[in-house]
Amino acid sequence: MVKAIEISKIYSSGNVRNEVDNTLLDLMASIEKNGLLQPIVVRVTEKGYEVVAGHRRLEAVKRLGEPFIDCNILEDVNTKERFVMQLEENLQRKEMSAYEIVCAADKLTEEYGCTDTQISAMLHKPSNYIANQRYAVRLLEKEYKDGIPEEKKKLSANVIMAMNQKKTRATVQSEKIYGKGFTVQKKGHTYQIYCTDFNFEDLLNKLIQENK
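What counts and what doesn't
Residues numbered from 1 in each chain as written. Predicted model: local features only at pLDDT ≥ 70, side-chain atom pairs only at ≥ 80, totals over all residues. Heavy atoms only, no water. Helix = DSSP H or I, 4+ residues; strand = E, 2+ residues; numbered from the N terminus. Buried < 20%, exposed > 50% of the residue type's maximum accessible area, 1.4 Å probe, protein only. Contact = heavy atoms within 4.5 Å. Areas by Shrake-Rupley, 256 points an atom, 1.4 Å probe, with all protein chains shown as cover. Axes fitted to C-alpha atoms, helices over the stretch in contact; angles between N-to-C directions. Parallel < 35°, antiparallel > 145°, perpendicular 65-115°, else oblique. Left-handed = near helix turned anticlockwise from the far one by under 90°. Nonpolar A, V, L, I, M, F, W, Y, C, P; charged D, E, K, R; others polar. Phe/Tyr/Trp six-rings, centres within 6.5 Å; stacked < 30°, edge-to-face > 60°. Lys NZ or Arg CZ within 6 Å of the ring centre and 35° of its normal. Salt bridge = Lys/Arg side-chain N within 4 Å of Asp/Glu carboxyl O. Expected span 1.5 Å × (residues − 1).

### Points about the overall build of the protein chain
Piece 1. When helices and strands are counted, the protein chain shows eight helices and eight strands.
Piece 2. Relative to its 212 residues, the protein chain shows a buried fraction of 34%.
Piece 3. A separation of at least 24 residues holds for 65% of the contacts in the protein chain among residues at least 6 apart in sequence.
Piece 4. Approximately 13800 Å² of the protein chain is accessible, and the part contributed by carbon and sulfur atoms is 51%.

Listed below in structure tokens is the structure:
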């Protein structure tokens, strides 16, 4: 049910996003020009109306000085469902960082006993979605043992894993062993031998033949 509600009767318990969105002025300009295209979502509580989804829209309308805002009212939504709805909306509207997603998943696990697979299903994502986010954060924790820098907490899982692969390739390429007449390059558990001397190559071929 959509209803215009006094903004003074609406409150927020906080959003799952940690970062302050710098596009708020653009949103205000859009609402001022075109009106609120999508109502915010609220639930009825003893304190009034709590925002479930649409924190940025509510803030934009507040700053424009409007007394009312269109709301989609949900009658029976518990705290867990509200949190999941907030998380899902943020994922749809703007890519969240791996760190933010893992923090939100930890909250659902600690407070409601949700598994990573269950959380992925709640968000309509592949079953390994949350596991991938956790893996990306672990890569950061491994690299920054004294604490992840704030700017790295803003990176998506895809960006973190791409950076890690690039570093891994660079490390693999640098692991070389030089000897008289040969060079050995290590790639993971594989060793590639490059002959730089014909005598060494003949000796190596003879050794291979003898051990077939």
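There's more to say after this.
### Considering the packing of helix α1 (residues 24–34) against helix α2 (residues 55–63)
Piece 1. The N-to-C vectors of α1 and α2 enclose an angle of 70 degrees; their axes lie 9 Å apart at closest approach. Considering the angle they form, α1 stands roughly perpendicular to α2. In the packing of α1 onto α2, the handedness of the crossing is right-handed. Contacts from L24, L27, M28 and I31 of α1 reach α2 at R56, R57, E59, A60, V61 and R63.
Piece 2. Grouping the amino acids of the contact of α1 with α2 by side-chain chemistry returns six nonpolar, no polar and four charged.

### Things to note about the environment of S30
Piece 1. As for its position among the elements, S30 is in helix α1.
Piece 2. Note on S30: relative accessible area 29%, which makes it partly exposed.
Piece 3. Measuring from C-alpha to C-alpha, the distance between S30 and A60 comes to 9.7 Å, with 30 residues separating the pair along the chain.

### Observations concerning α2
Piece 1. Listing the buried residues of α2 in full gives H55, R57, L58, A60 and V61.
Piece 2. Directly beyond the C-terminal end of α2, a positive phi value near 80 degrees is found at G65.

### Points about the packing of aromatic side chains
Piece 1. Scanning all chains against the criterion turns up zero aromatic pairs.
Piece 2. When the ring centre of F83 is taken as origin, the NZ or CZ atom of K107, which lies over that ring, is 5.4 Å away.

### Topic: the pattern of salt bridges
Piece 1. Counted according to the given criterion, the structure contains seven salt bridges.
Piece 2. Between K107 and E111 there is a salt bridge; the shortest N-O distance is 2.9 Å. Separated by four residues within a single helix, K107 and E111 lie in helix α4 (residues 98–112), roughly one turn from each other.
Piece 3. Using a relative accessible area of 47% as the deciding quantity, one classes E111 as partly exposed.
Piece 4. Residue R134 pairs with D116 through a salt bridge whose shortest N-O separation is 2.8 Å.

### Some words on helix α6 (residues 129–143)
Piece 1. Here α6 spans 22 Å end to end across 15 residues, near enough to the 21 Å set by a 1.5 Å rise per residue.
Piece 2. For α6, the full list of buried residues reads Y129, I130, Q133, R134, A136, V137, L139 and L140.

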